[in-house]
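Structural features, examined
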Amino acid sequence: MTISGEMLIGASALRGSEREIRAVNPATGEKMEPGYAGGGAAEVDRACALAAEAFDSYRETTPEQRAGFLEACAQAIMDIGDELIERACAESGLPRGRVEGERGRTVGQLRLFAGVVREGSWLEARIDPAMPERQPLPRSDLRQRHIALGPVAVFGASNFPLAFSVGGGDTASAFAAGCPVVVKAHSAHPGTSELVGRAIQSAVRTCGLHEGVFSMLFGSGGTVGSALVADPRIKAVGFTGSRSGGTALMKIAANRPEPIPVHAEMSSINPVFLLPGAMARRAEGIGKGFVGSLTMGAGQFCTNPGLVLGVEGAQLDAFLSSAKAALEASGAQTMLTPGIYDAYTQGVSRLANNNRVETVAQGQTGPGPYQGRPALFTTTAAHFAEDETLLEEVFGASSLVVRCPDVQTMLAVAERLEGQLTATIQMEPDDLEMARQLVPVLERKVGRILVNGYPTGVEVGHAMVHGGPYPSTSDSRTTSVGSLAIRRFLRPVCYQDFPQELLPEALRDGNPLGLWRRTDGQLGRN
């Protein structure tokens, strides 16, 4: 498949007229061909107009038609072959194995949602049959299902050029819900985005869908993204990125004449709690495993363990000694973009120069221009409480260990934390009482709680929650990974006293789609 530097608007491919962007190979610092001219107001308007035109026909596709489209997207992405892997590696600096794994996750998400669509429980069909003889008042026939919100603007993420980008989880879940999608591709990997975008474009064509089901725009700065969120035809937003970027989009969406939901995944430091029993038995092993999680992928994961809390003493010293040795043996790794590298080095420097913080260790230097050295720091619980800047995320392989005088102080620090995607508890059976006190606090603070594991690595499945209270996300009631993500782009509609011929199939007598439905309060295939 040839990449051309073009945007994809419906069935068309065209060059923009605004400032050009180019991918930078972070391993070499070289700019890559081709250049991608950004879109402007006309391109945003055209993409949104086509999405609005496509909405009514696409949202009423049958479960089989929509599932077939999702599967066609997955297969078209696989059919690109090595060209996609090689381009993604070159634009991101990620190793081949990681990118191949991410491609598997991307197509796996699309196929997961195909199964969700076919199964049908996402419709949440409910029927309260008419009760004309009920006293003192009769009851009307009431039937409810969920329908798609409308066209969705999806923003590609920098750290996952496939799984959280053009054909990633936000796009897959929006398609599954019945929403056309307009993607604002990330400027760090435009060639990868074009390849995936053309694959989805071909799937739209192969499945006979309206061309407006999918469009993809490029643009530097915030102009295109702001225009997308402000466009009245866009009804929801999916975003993965910085807190500043997410909150800016939230403000635009809230200030529209018709406010819309923004599902933004933003900032998280993912605390790890080292309970005394675990430290007495496994301090050195935990230290080594922690560094493996911290340095994975140059630390460029939203679930990177950026904060550790333990009780002051010999066991915490053993953890730090083990972590120090592992970290100093860790090499620098190429970061995704020059901008991410610069932000990381500034964050590490800020910690290193903070007089409340001590540097435990830094990893080895590397020869490339944008290679981040992993770093580990420590501070006291008292200093952590005094300095709000220590709560800020450093995106990369950097973590801060907080020395607490006792377990009650650990609980107090947990109460002070902002919303997080994850929290991890390292524990043994004799830590159960402490864990019982900690878990209710963490339930209020995070979306996923782990025991005796490490937070990096997010399974795509039905029970996963990749979300949490602000600022980890803009809406703690949902997830951006897993089948529950479809709920972000749905709303309920009730049909009262409708004739059978006018009802959607999901709610007709006889259950023609064979769905699980709640009829007069009872769940079954009735």
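Residues numbered from 1 in each chain as written. Predicted model: local features only at pLDDT ≥ 70, side-chain atom pairs only at ≥ 80, totals over all residues. Heavy atoms only, no water.

As recorded by an unreviewed UniProt entry, the protein carries the name Aldehyde dehydrogenase (NADP(+)) and is attributed to Roseomonas marmotae.

1. With respect to the sheet that holds strand E13 (residues 262–265)
The 7 strands lie next to each other as E2-E1-E11-E10-E9-E12-E13, forming an open sheet whose pairing is mixed. Bordering the open sheet on either side are strand E2 (12–14) and E13, each of which pairs with just one other strand. Direction aside, the axes of adjacent strands within the sheet are offset by 20 degrees on average. Where strand E9 (residues 152–155) lies against strand E12 (residues 236–240), 3 bridges are found, and the strand directions are parallel. In the sheet register, valine 152 faces E12, and the bridge partner there is alanine 236. Here helix H5 (residues 169–177) sits on the sheet in contact with E9, strand E10 (181–184), strand E11 (214–217) and E12, set at roughly 170 degrees to E10. Each of E9, E12 and E13 touches helix H8 (residues 243–254); the most contacted strand, E13, lies at about 170 degrees to it. (Pairing = 2+ DSSP bridges. Helix = DSSP H or I, 4+ residues; strand = E, 2+ residues; numbered from the N terminus. Axes fitted to C-alpha atoms, helices over the stretch in contact; angles between N-to-C directions. Contact = heavy atoms within 4.5 Å.)

2. Re helix H2 (residues 63–80)
Helix length check: H2 (18 residues) gives 26 Å between terminal C-alpha atoms against 26 Å at 1.5 Å per residue, within 8%. Listed as buried for H2 are Pro63, Arg66, Ala67, Phe69, Leu70, Cys73, Ala74, Ala76, Ile77 and Ile80. Phi for glycine 81, located one or two positions after H2, is positive at around 75 degrees. (Expected span 1.5 Å × (residues − 1). Buried < 20%, exposed > 50% of the residue type's maximum accessible area, 1.4 Å probe, protein only.)

3. Topic: the pattern of salt bridges
Inspection of the entire model under this criterion finds 36 salt bridges. Where glutamate 20 meets arginine 22, a salt bridge forms, and the shortest distance between an N and an O atom there is 3.2 Å. When its relative accessible area of 30% is taken as the criterion, arginine 22 is described as partly exposed. The residue aspartate 56 makes a salt bridge to arginine 59 at a minimum N-O spacing of 3.1 Å. On the criterion of helical spacing, the pair formed by aspartate 56 and arginine 59 is a turn pair, its members being 3 residues apart in helix H1 (residues 41–59). (Salt bridge = Lys/Arg side-chain N within 4 Å of Asp/Glu carboxyl O.)

4. Concerning the packing of helix H7 (residues 223–230) against H8
The relative placement of two packed helices is expressed as an angle between their axes plus a distance between the axes. Running from N to C, H7 and H8 cross one another at 35 degrees; their axes reach a closest spacing of 9 Å. As H7 runs across H8, the sense of the crossing is right-handed. Contacts between H7 and H8 involve Gly225, Ser226, Val229 and Ala230 on the former and, on the latter, Leu249, Ile252 and Ala253. (Left-handed = near helix turned anticlockwise from the far one by under 90°.)

5. Description of the packing of aromatic side chains
A complete count under the given rule lists 10 aromatic pairs for this structure. Ring geometry for tyrosine 36 against phenylalanine 218: centres 4.6 Å apart, planes inclined by 50 degrees, an arrangement best described as tilted. One end of the pair, tyrosine 36, is in strand E6 (residues 36–37); the other, phenylalanine 218, is in the loop between E11 and H7, and 182 residues separate them in sequence. Under the relative-accessibility criterion, tyrosine 36 is labelled buried at 0%. Joined through ring pairs, the aromatic side chains of Tyr58, Phe69 and Phe175 make up one cluster. The ring of tyrosine 58 carries the charged tip of arginine 66 above its face, separated from the ring centre by 5.7 Å. If you follow arginine 416 out to its NZ or CZ, it ends over the ring of phenylalanine 384, 5.4 Å from the centre. (Phe/Tyr/Trp six-rings, centres within 6.5 Å; stacked < 30°, edge-to-face > 60°. Lys NZ or Arg CZ within 6 Å of the ring centre and 35° of its normal.)

6. So, the packing of H2 against H5
Where H2 meets H5, the closest approach of the two axes is 9 Å, and the angle between their N-to-C directions is 160 degrees. Relative to H5, the element H2 is oriented roughly antiparallel. In the crossing of H2 with H5, the sense of the turn from one axis to the other is right-handed. From H2, Arg66, Phe69, Leu70 and Cys73 reach across to H5, where they touch Ala172, Phe175, Ala176 and Ala177. (Parallel < 35°, antiparallel > 145°, perpendicular 65-115°, else oblique.)

7. A look at unusual backbone geometry
For the peptide bond that leads from glutamate 33 to proline 34, omega is -5 degrees, which places it in the cis range. Position of proline 34 relative to the elements: it lies in the loop between strand E5 (30–31) and E6. Here the bond from tyrosine 470 into proline 471 is cis, since omega is 10 degrees, no more than 30 degrees from zero. Inspection of the secondary structure puts proline 471 in the loop between strand E22 (446–451) and strand E23 (490–496). Of note, asparagine 270 is a non-glycine position whose phi angle comes to about 50 degrees, a positive value. Note that asparagine 270 resides in the loop between E13 and strand E14 (271–274). For asparagine 270, a relative accessible area of 0% gives the class buried. Positive phi is not limited to glycine here, since alanine 298 has a value of about 60 degrees.

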